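Examination of the molecular architecture
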Amino acid sequence: MRGFDRINAVLPDELILEIFRHVESKPSRDACSLVCKRWLGLERLSRDTIRIGASATPDSLVKLLSSRFPNIRYVFIDERLSISLPVQYGKRRRISRTIPSIGRFHDGSDQSVGGYDGIATSCLSDSGLGAVGDSFVKLEKLSLIWCSSVTDLGLRSFAEKCKSLKSLDLQGCYIGDEGLASVGECCNFLEDLNLRFCEGLTDTGLVRLVLGCGRTLRSLGVAACVKITDVSLEAVGSHCRSLESLSLDSEIIQNKGLLAVAKGCSLLKVLKLQSINITDEALQAVGVFCLSLELLALYSFQKFTDSNKGLDSVAAGCPELMHIEVNGCHNIGTDGLKSIGKFCARLSELALLYCQRIESDALSEIGKGCKFLQALHLVDCSGIGDDSICSIAKGCKNLKKLHIRRCYEVGNKGIIAVGQHCKSLTDLSLRFCDRIGDDALISIGQGCSLQHLNVSGCHQIGDAGIIAIARGCPQLNYLDVSVLQNLGDNAMMELGEGCPLLKDIVISHCRQITDIGVSYFARKCTLLESCHMVYCPGITEAGVATMVTTCSRIKKVLVEKWKVSARTKRRAGSIINYLCVDL
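In the annotation of an unreviewed UniProt entry, the entry for the chain reads F-box/LRR-repeat protein 4, and the organism field reads Sesamum calycinum.

Below, the structure written as structure tokens:
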């Protein structure tokens, strides 16, 4: 009733705060904060995450935000973002207008602050980092992304003030051994540490850190730190007994370091390795000692001499494996993959990328033994064909995601089997598989309710296949049919009728689609947010104008510049985020 507040008069602060925490929509949370002063204050209290740029006046910015959001526990500072203060301590001055943008993270909401060009900026300094430590007294997680001006002095000052810190990301920061050592000395509860691209670090800094807080460390990432050697990993193996996740990208590390980690970190669950110097001996040790391993990712292992033996050892010794990715490991062949099928019954995701030695029957054991497989990714595996896909389809009926790219031996037979057996499939990508045609999509349309479909470059697919998808997959929200030369207006009309939930569509390089198909589609798909349609000679200024004016939620249109009239440009100003020049 007008003039009577039936909410504030009844609900206590605690209940309203709990309601705010369950409001996931960013615009809805912003709208709540504008209702009244009480809701504004409570909404600020409910925020636990803030994301800002490391520019402008960091000390003043941090103090301003800490006064408004007192319960912040997670701070993300990214030097690639520009920020500015709209009013600097009560002084009114002419500055470029700043538009705050509020986003959300999976673990809570955040306040992101962004600005436009034309504002004098300076990188986050040591004093600014010290202000973070002073201002956010409840801080548990700090990310400093490419904050190039932060030094050991600033990191020490921060560490001394935030001794309860649990997570620290120093990606791209030029900090040295003394700064990292101070974290080890002060932050005795640290659980998560990312040191990607910290080029100033040596073994001295990392060893001193693990001596200080190694007992609590659970996750460690090291990449492109050229002065980090096996000495550091030996220290990790000796002192980080609770380590559960290790991500290592190094051209320096040898077997010795990984062997030490495998023997000392028996609780390891996640292992991501990219190294040209590690051999199958180290991988065998992982299979012997890391019995709780759940995720294994191997990238560019070139020195494996008998990598099937290494993969055999991991499969046999790590029955809890659920996720496996093998990328660019050219010596891994069919036998190693069969071992995974025999021993890893809980496998839910498998990715094989650029594995040329894997033969056609490689996935037969996966289909027999991995009944819980939900996602399969295959890229440039030239030896995998229809028989492999049929085995997967018949044995892995819980499959939800299937991504295949440039596997030229996969044709209609394998995908038809997927449509017949994998009724839970919602995400299908078949990029540049030129043996797949309409019959495959007809089977998918009859058997699966897809939400995501990408058939870019499958030149045998035409109207019949896409029409089957339109009629059988009403939940479809993403579609990429680019480079389908035989696709025309009939398919676009059927998509408009059958897939009203479509939000993103890519029709670039489809030479048969004209303004007629685009106009009909635009009138029916009212939820559309993104459309890519470059190099479609049948689409003219009129088709582009129809797309822009008809789809009220459109945010991005990719099209040649010369197809956009002056009138369309004027109308598109507040609707389209990106209107590209000629490509």
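Picking up where we left off.
1. Topic: the pairing of strand E15 (residues 401-405)
Only one face of E15 is buried, namely the one carrying Leu402 and Ile404, since none of Lys401, His403 and Arg405 on the opposite face is buried. Relative to E15, strand E14 (residues 375-379) runs parallel, the two being bridged by 5 bridges. Each residue of the ladder has a partner; that of Ala375, found in E15, is Lys401. On the question of chirality, the crossover connecting E14 to the parallel E15 by way of helix H15 (residues 386-395) is right-handed. Between E15 and its parallel partner strand E16 (residues 427-431), the chain crosses via helix H16 (residues 412-421), and the hand of that crossover is right-handed.

2. Let's talk about the pairing of strand E9 (residues 245-249)
Where strand E8 (residues 219-223) meets E9, 5 bridges bridge the pair, whose relative direction is parallel. Considered in E9, the bridge of Ala223 is made with Asp249. In this fold, E8 hands off to helix H9 (residues 230-239), which returns the chain to E9; that crossover is right-handed. One ladder, built from 5 bridges, connects E9 with strand E10 (residues 270-274); its direction is parallel.

3. Overview of the environment of Ala464
Following the sequence through the fold, Ala464 ends up in helix H18 (residues 463-472). As a C-alpha pair, Ala464 and Ala491 span 27 residues in sequence and 7.6 Å in three-dimensional space. Beyond its immediate stretch of four places on either side in the chain, Ala464 contacts Asp438 and Ile442.

4. Section: helix H20 (residues 515-524)
Looking at H20, one finds that the buried residues are Asp515, Gly517, Val518, Ser519, Phe521 and Ala522. Those residues of H20 hidden inside the fold are in contact with helix H19 (489-498), strand E19 (504-506) and helix H21 (541-550).

5. Some points on unusual backbone geometry
Despite not being glycine, Trp146 has its phi angle at roughly 55°, a positive value. Along the polypeptide, Trp146 turns up in the loop between strand E5 (141-145) and helix H6 (152-161). For Ala224, which is not glycine, the phi torsion reads 55° and is therefore positive. Checked against the element boundaries, Ala224 lands in the loop between E8 and H9. Judged by relative accessible area, Ala224 falls into the partly exposed class, the value being 29%.

6. Details of H21
Buried within H21 we find Gly543, Val544, Thr546, Met547 and Val548. Residues of H21 that are buried in the fold lie against H20, strand E20 (530-532), strand E21 (556-558) and helix H22 (566-572).

7. Focus: the packing of aromatic side chains
Taken as a whole, this structure holds 2 aromatic pairs when the rule is applied. Plain terms: the ring middles of Phe20 and Trp39 are 5.7 Å apart, the flat faces sit at 75° to each other, and that makes the pair edge-to-face. Of this pair, Phe20 sits in helix H1 (residues 13-21) while Trp39 sits in helix H3 (residues 37-45), and the two are 19 residues apart along the sequence. You can call Phe20 buried: its relative accessible area is 4%. Trp39 sits in the buried class, given a relative accessible area of 13%.

Definitions and cut-offs
- Residues numbered from 1 in each chain as written.
- Predicted model: local features only at pLDDT ≥ 70, side-chain atom pairs only at ≥ 80, totals over all residues.
- Heavy atoms only, no water.
- Buried < 20%, exposed > 50% of the residue type's maximum accessible area, 1.4 Å probe, protein only.
- Helix = DSSP H or I, 4+ residues; strand = E, 2+ residues; numbered from the N terminus.
- Pairing = 2+ DSSP bridges.
- Right-handed = clockwise from strand over helix to strand, strands pointing away.
- Contact = heavy atoms within 4.5 Å.
- Phe/Tyr/Trp six-rings, centres within 6.5 Å; stacked < 30°, edge-to-face > 60°.

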